[in-house]
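Structural characterization, general
Below, each chain spelled out in residue letters.
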Amino acid sequence: MDLSYSAEDLAFRDEVRTFIRDSLPTHIRDKVAAQQHLSKDDYVTWQKLLHGRGWMAPHWPKEWGGCDWSPVQRHIFDEELNFGNTPRIMPFGTKMLAPVLLKFGTEAQKQRFLPRILSSEDWWCQGYSEPGAGSDLAGLKTRAERRGDHYVVTGQKTWTTLAQYADWMFVLVRTDPGAKKQEGISFILMDMRSKGVSVRPIRTIDGSAEINDVFLDEVEVPVENLVGEENKGWTCAKYLLGHERSGIAGIAHSKKMLEKLRRVAAEETIGGRPLIEHGPFRDKIARIEVELMALEYTNLRALANETRGAMPGPEPSILKVRGTEIQQAITELFVEAAGPYALPFLPEALEGGANVEPVGPDGAAAFAPTYLNWRKTSIYGGSNEIQKNIVSKILLRA
Amino acid sequence: MDFGLSEQQQLLRDSIERFVQDEYAFDARRKIVASEEGLSRDHWRTFAELGLLALPFAEDEGGIGGDGVDTMVVMEAFGKGLVVEPFLPTVILCGSLLKLAATAEQRAGLLPGIIDGETLLAFAHGERRARHDLGHVEAKAARSGDGFVLDAAKSVVLGAPSATQFIVSARTAAGISLFLVPADAAGLSVRPYLTIDGQRAGEVTLAGVTVGAEALLGPDGGALPLIERAVDIATAAVCAEAVGCMQATFERTRDYLNTREQFGTKIGNFQALQHALVDMFVELEQSRSMAIVAAVHAGSDDDAARRRAISAAKVQIGKSGRIIGQTAVQLHGGMGMTDEMQVGHYFKRLTAIEQSFGDSDHHLARFQGG
Ligand SMILES: Cc1cc2nc3c(=O)[nH]c(=O)nc-3n(C[C@H](O)[C@H](O)[C@H](O)COP(=O)(O)OP(=O)(O)OC[C@H]3O[C@@H](n4cnc5c(N)ncnc54)[C@H](O)[C@@H]3O)c2cc1C
């Protein structure tokens, strides 16, 4: 066994670090560091820079623009992106749709859509959940009727993240209402500018509006935008969810946030001394750090198994559950670090370029909203209860 | 032992619960929170009519002579409605300071205005570096003639934007002292803002504010023990409010489990969620017990017993509030994340309460005599 980085790994890390330092625009980096809201342009600008370097979708097959990196290199890349305060790469195209297209799409679909994901010409959103179909996704009701060479789609999607920015949405629809739940579903690609699509923002408890209702009223979708076979969409849907979960642990992000937390706690004082030296608070940080270290190696072990070709077992679910628990625990400590100064609600301070005098520690205006917003991580991507159901089934069968 | 409420306390509870039900529905509250002032003057008048603004004051001064348990009854009902009017800063916090520190003359000058709803108060005490430490006061009060000149930067002062009158803590040569300062005093300014839980607070700056000798509230240099007692009373009050929030959160979550269907059945049929709901209930019961302990000790002169009781309650309620708030959101799924659902607002109030009047670590140390 060997848990250290090789010389090549270290050289790779320097290469990534240098690229980020030299190319990420300062105003974007500052917004990310301050946990402010990013605009669509901020995301796209950064993604285009990554694309220019060939690093937009390292996990894709090489012939489609991937990088053929080892698990350790992917891990390093993820860390550098986080510590470099880069905007996160939108997962909807690169991590959700692309694997489905690569596995189930036609050659024409791959040619048409994959390059535009890489170049960020198309922004994708995920049209899975409905008001009546969340954990029980197969209960979805949005109806697609075949009329000539079109599907006509009517129904409602909800919780759709950043649909307001999207050019396209991959949608699960019911094409055979007579069939058993999982058997009448199809996976189709919808142009968000089609007639009959309307997007309404949903305000969340932190005061932001990143999710939406998407209403579909007789929207025409060409039959060529069906992915895989008609009524076999559930297979695509499940394949995608496996990919969605694996990235969701947010290990590098948590490491970075712990580092920031330590900086905040070094500046806050308690009884005239730095909060970071206060035993109870220091212990809380250390406990999370230990848990995160364990998860980091659990993740690396899972990645190593994956490259050896072993079938993924309960790992993606375990990483999702524990990873989100850690993320949420860190957001709680930010609120505790700021204490009473976390209470002012200053939404202007969360917009880039804002010049709002802070109350309490620098950046404290983001701490409570982030804590509140991060409750979502144990709900989306398959709630943590659903993940545990999945894992327990695997374990009990063994 | 008797855990029952008196007949009068039951009437008090019923009348406020009725008010919350009729006048403080979620949409009505939302409008108040979004309004310019962030409070309803009509409701404030109703509070005056119900006698709530007179609650803690002595009967011979126009008050009701209520005790800690009466306050608990009111605050618990307010918690259920997520009432945002500045009852806590005006009546509980500043009202207690006035009871503990004011001369008969000062009380005669202020209480009638408070009781009839004209005067709103805020306690300008916390500072940037104070965190949860009540004794950390950098603000200065320099003697000038027979009065004082005040220089202070006070942070996250609850109720500051609507206050007509402030009680300001500052250091004189003798130590920490309290001063009555009208909101329109020259040199006093407020930077107002909303807080995460829909209340109003502000940064209060006093730059060379001059006050007369009659502004000194309580002993020169001897205010800290009085501040500690008033804050203990306020802490017991927010513990009761938290129990109201927790109760409402629990009930809404239970109802949601009985309504929402997934996989062809009520989600309340999933054992994982049943156990989570039971955990919420246990936290609620534990918190209710401690809110009662806090209410009974809130006004006690026995410092050691009072500190222990109040701090124990605050620790329990901090922990339970977090569990109940987080679990409620989780069990509501995506709906729990929306601004439209009331559970999220209870969660935010519980989060704010945990960080007010000393967080859990602070009270855990104080409970142990630290
Ligand atoms: C911020 C945010 C962003 C999102 N973005 C998207 C998006 O872009 N696209 C998209 O399609 N969806 C998105 N979602 C939706 C998300 O996937 C769903 O919220 C999630 O699947 C849960 O569904 P639900 O909200 O209907 O909750 P429900 O399914 O109603 O769940 C309610 C509660 O019941 C529990 N539960 C349900 N079934 C079981 C069971 N069998 N056993 C034990 N417990 C159970 C759940 O864990 C939860 O605690 C997003 C959600 C959020 C909050």
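Residues numbered from 1 in each chain as written. Chains lettered and ligands numbered in written order. Predicted model: local features only at pLDDT ≥ 70, side-chain atom pairs only at ≥ 80, totals over all residues. Heavy atoms only, no water.

Examining the overall build of chain A
Summing up its helical and strand segments, chain A has 12 helices and 11 strands in all. For a compact globule of 398 residues, the expected C-alpha radius of gyration is about 21 Å, and chain A comes in at 22 Å, within 12% of that figure. Taken along the three principal axes of its C-alpha coordinates, chain A extends 75 × 50 × 45 Å. Within chain A, the fraction of its 398 residues that count as buried is 53%. Look at the contacts in chain A between residues 6 or more apart in sequence, and 73% of them connect residues 24 or more apart. Of the roughly 17900 Å² of accessible surface on chain A, 51% is carried by carbon and sulfur atoms. Measuring between centres, the 49 positive side-chain charges of chain A sit 4 Å from its 53 negative side-chain charges. (Helix = DSSP H or I, 4+ residues; strand = E, 2+ residues; numbered from the N terminus. Rg over C-alpha atoms; globule rule 2.2 N^0.38 Å. Buried < 20%, exposed > 50% of the residue type's maximum accessible area, 1.4 Å probe, protein only. Contact = heavy atoms within 4.5 Å. Areas by Shrake-Rupley, 256 points an atom, 1.4 Å probe, with all protein chains shown as cover. Lys, Arg positive; Asp, Glu negative; His and termini not counted. Charge placed at Lys NZ, Arg CZ, Asp CG, Glu CD.)

Regarding the pattern of salt bridges
Residue and element names in this part refer to chain B. Overall, the coordinates contain 50 salt bridges over all chains when judged by the stated rule. In this structure, Asp 14 and Arg 13 form a salt bridge, with 3.6 Å as the shortest nitrogen-oxygen distance. On the basis of relative accessible area, Arg 13 is assigned to the partly exposed category, the value being 31%. For Arg 322, the salt bridge goes to Glu 354, with nearest N and O atoms at 2.7 Å. Here Glu 354 lies in helix H10 (residues 342–354) and Arg 322 lies in helix H9 (residues 303–331), a separation of 32 residues in the sequence. By relative accessible area, which is 18% here, Arg 322 ends up buried. (Salt bridge = Lys/Arg side-chain N within 4 Å of Asp/Glu carboxyl O.)

Thoughts on the domain arrangement of chain A
For an interface, size is often stated in terms of accessible area lost upon the parts coming together. In terms of domains, chain A is made up of domain 1 (7–89), domain 2 (124–231) and domain 3 (248–397). Its C-alpha centre places domain 1 of chain A at a distance of 30 Å from the equivalent point of domain 2 of chain A. (Domains from an automatic or database assignment.)

Thoughts on a negative patch on the surface
Residues and elements named next belong to chain A. A surface patch of like charges, here negative, comprises Glu 145, Asp 149, Asp 217, Glu 218, Glu 220 and Glu 224. For the negative patch, the leading source of residues is strand S7 (residues 211–222), giving 3 residues. Its location among the elements puts Glu 220 in strand S7. (Patch = residues over 30% accessible without salt bridge, like charges linked within 9 Å, V, L, I, M, F, W, Y side chains within 5 Å.)

Details of the site of the ligand
In the vicinity of the ligand there are 28 residues, among which Ser 135, Thr 161 and Ser 383 of chain A together with Arg 260 and Gln 330 of chain B approach most closely. Take Thr 161 of chain A: an N or O atom from its side chain is 2.7 Å from a nitrogen atom of the ligand. For the ligand, an oxygen atom lies 2.7 Å from a polar atom in the backbone of Gly 334 of chain B. The fraction of the free accessible surface of the ligand (970 Å²) that becomes covered by protein chains is 95%. For the shell around the ligand, the secondary-structure elements that each account for two or more residues are helix H12 (384–397) of chain A together with H9 of chain B. (Near = heavy atom within 4 Å. Polar contact = N/O pair within 3.5 Å; in protein donor to acceptor, adjacent residues only side chain to side chain.)

Topic: the confidence of the model for chain B
On average, residues of chain B score 97 in pLDDT, and 100% of them are at 70 or above. Reported for the predicted complex are a pTM of 0.97 and an ipTM of 0.97. (pLDDT = per-residue confidence, 0-100.)

Remarks on a nonpolar patch on the surface
On the surface, a cluster of nonpolar side chains totalling about 340 Å² of accessible area is made up of Leu 3, Met 293 and Tyr 297 of chain A. Along the chain, Tyr 297 of chain A falls in helix H9 (residues 279–307).

With respect to the domain arrangement of chain B
All names here are of chain B. Here chain B is described as being made up of domain 1 (7–119), domain 2 (122–217) and domain 3 (224–367). Using only C-alpha atoms to locate each centre, domain 1 and domain 2 end up separated by 22 Å. Residue-level contacts link 23 residues of domain 1 with 19 residues of domain 2. In total, about 1500 Å² of surface goes out of reach between domain 1 and domain 2, with carbon and sulfur atoms giving 66% of it. At the surface where domain 1 touches domain 2, the tally comes to 0 salt bridges. On inspection of domain 1 and its partner domain 2, the count reaches 6 residue pairs in polar contact (both at pLDDT 80 or more). Secondary structure elements with two or more residues in the side of domain 1 that touches domain 2: helix H2 (26–34), helix H5 (87–101) and helix H6 (104–115). Per-element accounting of the side of domain 1 that touches domain 2 gives the leading share, 7 residues, to H5. In terms of residue class, the side of domain 1 that touches domain 2 is built from 15 nonpolar, 4 polar and 4 charged. (Buried area = accessible area lost by both parts, 1.4 Å probe. Nonpolar A, V, L, I, M, F, W, Y, C, P; charged D, E, K, R; others polar.)

Focus on the packing of helix H1 (residues 7–23) of chain A against helix H4 (residues 71–83) of chain A
Residues and elements named next belong to chain A. It is the contact of H1 with H4, at a shortest axis distance of 10 Å, that shows an interaxial angle of 30°. With respect to H4, the axis of H1 lies roughly parallel. The way H1 lies across H4 gives a crossing that is right-handed. Between H1, through Asp 9, Phe 12, Arg 13, Val 16, Arg 17 and Ile 20, and H4, the contact on the second element is made entirely by Val 72, Gln 73, Ile 76, Phe 77, Glu 80 and Leu 81. Among the residues making up the contact of H1 with H4, the classes are represented as 7 nonpolar, 1 polar and 4 charged. (Axes fitted to C-alpha atoms, helices over the stretch in contact; angles between N-to-C directions. Parallel < 35°, antiparallel > 145°, perpendicular 65-115°, else oblique. Left-handed = near helix turned anticlockwise from the far one by under 90°.)

Some words on the interface of chain B and chain A
Contact residues are listed per partner, giving 40 residues for chain B and 50 residues for chain A. Both sides together, the interface formed by chain B and chain A hides about 3900 Å², and carbon and sulfur atoms give 57% of it. On the chain B side of the interface with chain A, the three residues burying the most area are Arg 131, Gln 330 and Met 337 of chain B, jointly 21% of the side's total. On inspection of chain B and its partner chain A, the count reaches 5 salt bridges. A salt bridge links Glu 268 of chain A to Arg 131 of chain B, with the nearest nitrogen and oxygen atoms 3.9 Å apart. One can count 28 residue pairs in polar contact (both at pLDDT 80 or more) joining chain B with chain A.

Quick word on the state of the cysteines
All names here are of chain A. The final tally for this structure, using the stated rule, is 0 disulfides over all chains. The cysteine Cys 236 is free of any disulfide, with Cys 125 supplying the nearest cysteine sulfur at 17 Å. Exposure remark for Cys 236: the relative accessible area of 1% places this residue in the buried category. (Disulfide = S-S within 2.5 Å.)

Topic: helix H7 (residues 224–257) of chain B
The end-to-end C-alpha separation of H7 of chain B is 48 Å, in line with the 50 Å expected for 34 residues at 1.5 Å each. Burial analysis of H7 of chain B places 26 of its 34 residues in the buried class, the great majority of the element. (Expected span 1.5 Å × (residues − 1).)

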